[in-house]
Amino acid sequence: MQLYLPIAELPVNMFIIFGMGAAVGFLSGLLGVGGGFLLTPLLIFSGIPPAVSVATVTAQVVASSSSAALSYWRKRQIDMKLALVLTASGVVGSSLGIVTFDLLRRVGQLDFIIALCYVTFLGTIGSLMLTESVRAMLQARKGRATPLRRPGQHGWIHGLPFKMRFKRSKLYISVLPVMAIGVGIGFLGSLLGIGGGFILVPALIYLLRVPSSVVVGTSLVQMIGAMAVATVLHATTSASVDAVLAILLMVGGVIGAQFGVRIGAYVRGDQLRAMLGLLVLAVGARFLVDLVHTPAELFSLASAAGPGS
Amino acid sequence: MSPQGLLLAFAVLLAALPARAETLIVALSSQQVRISSNFTGSSITVFGAVERDAATVSRAAFYDVVVVVKGPAETVVTRKKDRFLGVWLNRSSRTFVNVPSFYAMHASRPLEQVTTPQLLKRYQLGTDQIVFPVVADDGAVSAEAGDAYREAFVRLKSNARLYQSHPYAVSFPGAEIFQTTIELPANVPTGRYVTTVYLFRDGALLASKEEPIIVVKSGFEQTSYALAQSQGFLYGLAVVLLAIFTGWLAGVIFRRD
């Protein structure tokens with residue numbers, strides 16, 4: 001069934017978009033990620049203008065994150081103080097991201113920078129995840145468990161000033177790296193249309209040593225805050241948030257996620273991380289091919305004003 | 001004015017009449033296209049009749065009719081990718097100002113058989129004849145036919161079916177009655193369109209007539225688009241609240257613990 005999108009200004013097949021949302025939702029429930037890094041490229045490849053894709057997925061991330069955050073909230077697995085610091089700095093980051101987004105759109109390099117960032121970040125994170133999970137699988141085969149968190153290690157991060165106590169995470173650390181992470185994720189999130197969970201969670205675990213019991217819930221709160229602000233800013237600066245597209249993606253996403261979570265309970269953690277790593281690498285590779293492969297059409301049109309550019 | 005003067009004026013008028021004796025009557029199947037949620041494109045049929053007054057004798061030659069539909073003017077950046085350090089990125093661009101966002105040309109015969117190149121140029125008939133003004137700092141006043149950016153623009157617009165040329169699309173059910181159907185694809189820009197019908201015979205333009213078409217979003221499409229454009233902040237806030245509500249609802253419905 002065809003449905004006309006008022007902001008993207010083109011009709012789409014409702015069931016295909018709904019199915020995309022559900023499929024990405026399934027994977028995000030299965031692998032414990034927001035799925036923005038899959039959904040934004042899927043929308044772009046299916047012909048939705050990049051600006052509309054990025055801005056609309058930002059809204060979808062709010063929905064999927066708040067759905068997941070609710071269950072962590074019930075289990076008290078959120079460090080609210082850490083989440084607040086991360087969110088406040090995330091909001092600063094997403095504001096910077098929106099300004100950059102708008103600037104790049106004007107000079108016609110938005111698509112290129114989005115592709116370049118996807119290649120860089122997805123390539124790096126994907127390779128790290130894959131090697132880590134393969135190592136964990138090999139260790140498990142030998143019968144040894146690998147501790148994710150090595151206690152007692154103090155890197156240079158712990159020597160920074162402005163220390164703050166985060167009781168729930170049992171941490172006494174400087175706020176500077178916390179804020180830096182928040183700003184960075186907010187920036188990337190609003191620029192690329194991703195929640196950034198797959199970067200935020202490892203950063204919190206490996207850089208700040210946040211206990212794994214609260215890390216996912218806390219990062220979800222950060223994503224809700226930063227992406228909510230990014231959605232409003234996208235809507236204000238470029239009017240590129242498509243509410244109809246967002247609803248289709250949200251409903252498909254939250255339903256798909258429920259099935260993903262159920263299946264995910266039967267799969268081992270290191271196998272899930274290997275799958276996620278492969279998926280992240282595949283998306284990155286797809287963008288790399290687009291960047292280096294000679295395009296069939298060298299020219300492109302962009303309206304000098306309006307969301308379709 | 002003296003009676004002689006009046007008589008003279010009437011005589012001059014009478015003498016001038018046969019030269020423009022043909023008048024065009026044009027009717028459109030609809031003057032407004034509404035884009036609603038199930039919009040997948042539309043079509044508009046242009047009907048017309050050639051009316052001659054009693055003084056004009058019927059002539060043996062055929063009429064030729066050219067129908068042009070132009071969408072609202074837009075400013076478009078055409079960008080060209082080049083390889084730079086191994087990757088492809090937009091390296092150069094040309095900005096066209098006030099070019100039609102939609103252009104459909106339907107004719108009864110190929111344009112070069114209808115009339116002379118001079119007239120085609122004067123009335124901007126056909127995609128080769130549209131004037132493409134270039135923004136001042138891009139070096140030229142307008143892009144001539146053969147310009148790479150201009151050709152790319154027309155090609156991309158044609159691929160999106162926003163520029164169309166159909167040389168045999170105007171049909172004559174009767175000797176002096178014609179009709180053609182303009183297809184508007186699903187991605188048509190909104191705004192005021194102008195349909196112009198040109199009547200030719202033996203290469204000479206006998207008459208022309210303009211009719212407007214309005215393409216508007218309607219109902220929910222219009223409401224949400226207008227809200228997004230004028231009240232971006234409220235629109236964004238509404239989408240965020242909707243997202244949080246959807247997430248919360250899903251969390252409640254699918255609660256497992």
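To keep things clear, this report deals only with the structure shown in the data block.

The rules behind the values
Residues numbered from 1 in each chain as written. Chains lettered and ligands numbered in written order. Predicted model: local features only at pLDDT ≥ 70, side-chain atom pairs only at ≥ 80, totals over all residues. Heavy atoms only, no water. Contact = heavy atoms within 4.5 Å. Buried area = accessible area lost by both parts, 1.4 Å probe. Salt bridge = Lys/Arg side-chain N within 4 Å of Asp/Glu carboxyl O. Polar contact = N/O pair within 3.5 Å; in protein donor to acceptor, adjacent residues only side chain to side chain. Helix = DSSP H or I, 4+ residues; strand = E, 2+ residues; numbered from the N terminus. Pairing = 2+ DSSP bridges. Axes fitted to C-alpha atoms, helices over the stretch in contact; angles between N-to-C directions. Left-handed = near helix turned anticlockwise from the far one by under 90°. Nonpolar A, V, L, I, M, F, W, Y, C, P; charged D, E, K, R; others polar. Core = buried A, V, L, I, M, F, W, Y, C linked by side-chain atoms within 4.5 Å. Buried < 20%, exposed > 50% of the residue type's maximum accessible area, 1.4 Å probe, protein only. Parallel < 35°, antiparallel > 145°, perpendicular 65-115°, else oblique.

**Describing the interface of chain A and chain B**
Contacts between chain A and chain B engage 52 residues on the former and 55 residues on the latter. Of the roughly 4700 Å² buried between chain A and chain B on both sides combined, carbon and sulfur atoms contribute 66%. The tally of links from chain A across to chain B stands at two salt bridges. Where Lys217 of chain B meets Glu9 of chain A, a salt bridge forms, and the shortest distance between an N and an O atom there is 2.7 Å. In this assembly, chain A and chain B are joined by 15 residue pairs in polar contact (both at pLDDT 80 or more). Among the elements of the structure, strand S1 (2–5), helix H3 (50–74), helix H4 (80–107), helix H8 (212–238), helix H9 (243–264), helix H10 (269–292) and strand S5 (299–303) of chain A are those that each provide at least two residues to the side of chain A that touches chain B. Judged from the five bridges that link them, S5 of chain A and strand S5 (residues 73–84) of chain B form a sheet pairing that is antiparallel.

**Observations regarding the packing of H8 of chain A against helix H6 (residues 232–253) of chain B**
Packing of H8 of chain A against H6 of chain B leaves a shortest axis separation of 7 Å and a crossing angle of 145°. Crossing angle aside, the handedness with which H8 of chain A passes H6 of chain B is right-handed. On the side of H8 of chain A, the interface is formed by Ala228, Thr231, Val232, Ala235 and Thr236 of chain A, while H6 of chain B contributes Gly232, Phe233, Tyr235, Gly236, Leu237, Val239 and Val240 of chain B. Per-class residue counts for the contact of H8 of chain A with H6 of chain B are eight nonpolar, four polar and no charged.

**Concerning the nonpolar core**
Ranked by size, the top nonpolar core spans 92 residues in total, and within it Phe37, Ile48, Tyr118 and Phe198 of chain A carry the most contacts. Look past the residues within four positions of Phe198 of chain A in its chain and what remains in contact with it is Val33, Phe37, Leu122, Ile125, Met129 and Val280 of chain A. With 29 residues, the next largest nonpolar core counts Tyr4 of chain A together with Leu24, Val65 and Tyr193 of chain B among its residues.

**Observations concerning the packing of H4 of chain A against helix H6 (residues 175–192) of chain A**
Residues and elements named next belong to chain A. Interhelical geometry of H4 versus H6 gives an angle of 40° and a closest axis separation of 6 Å. Taken together, the axis directions place H4 and H6 in an arrangement best described as oblique. Between H4 and H6 lies a crossing of right-handed hand. Class assignment of the residues belonging to the contact of H4 with H6 gives a composition of 13 nonpolar, nine polar and no charged.

**A closer look at the sheet that holds strand S6 (residues 87–100) of chain B**
One key point about sheets: their strands pair by backbone hydrogen bonds, in either a parallel or an antiparallel sense. A sheet is described by the order of its strands in space; here three strands give the open sequence S5(A)-S5(B)-S6(B), paired in antiparallel fashion. A strand with exactly one partner marks an edge of an open sheet, and here the two such strands are S5 of chain A together with S6 of chain B. Shown here is a sheet whose adjacent strand axes are inclined to one another by a mean of 25°, direction ignored. As judged from the 11 bridges shared by S5 of chain B and S6 of chain B, these two strands associate in the antiparallel manner. Bridging from a neighbouring strand, Ala73 of chain B pairs with Pro100 of chain B of S6 of chain B. Each of S5 of chain A together with S5 and S6 of chain B is contacted by helix H4 (residues 148–159) of chain B, which is oriented at about 75° to S5 of chain A, the strand it contacts most.

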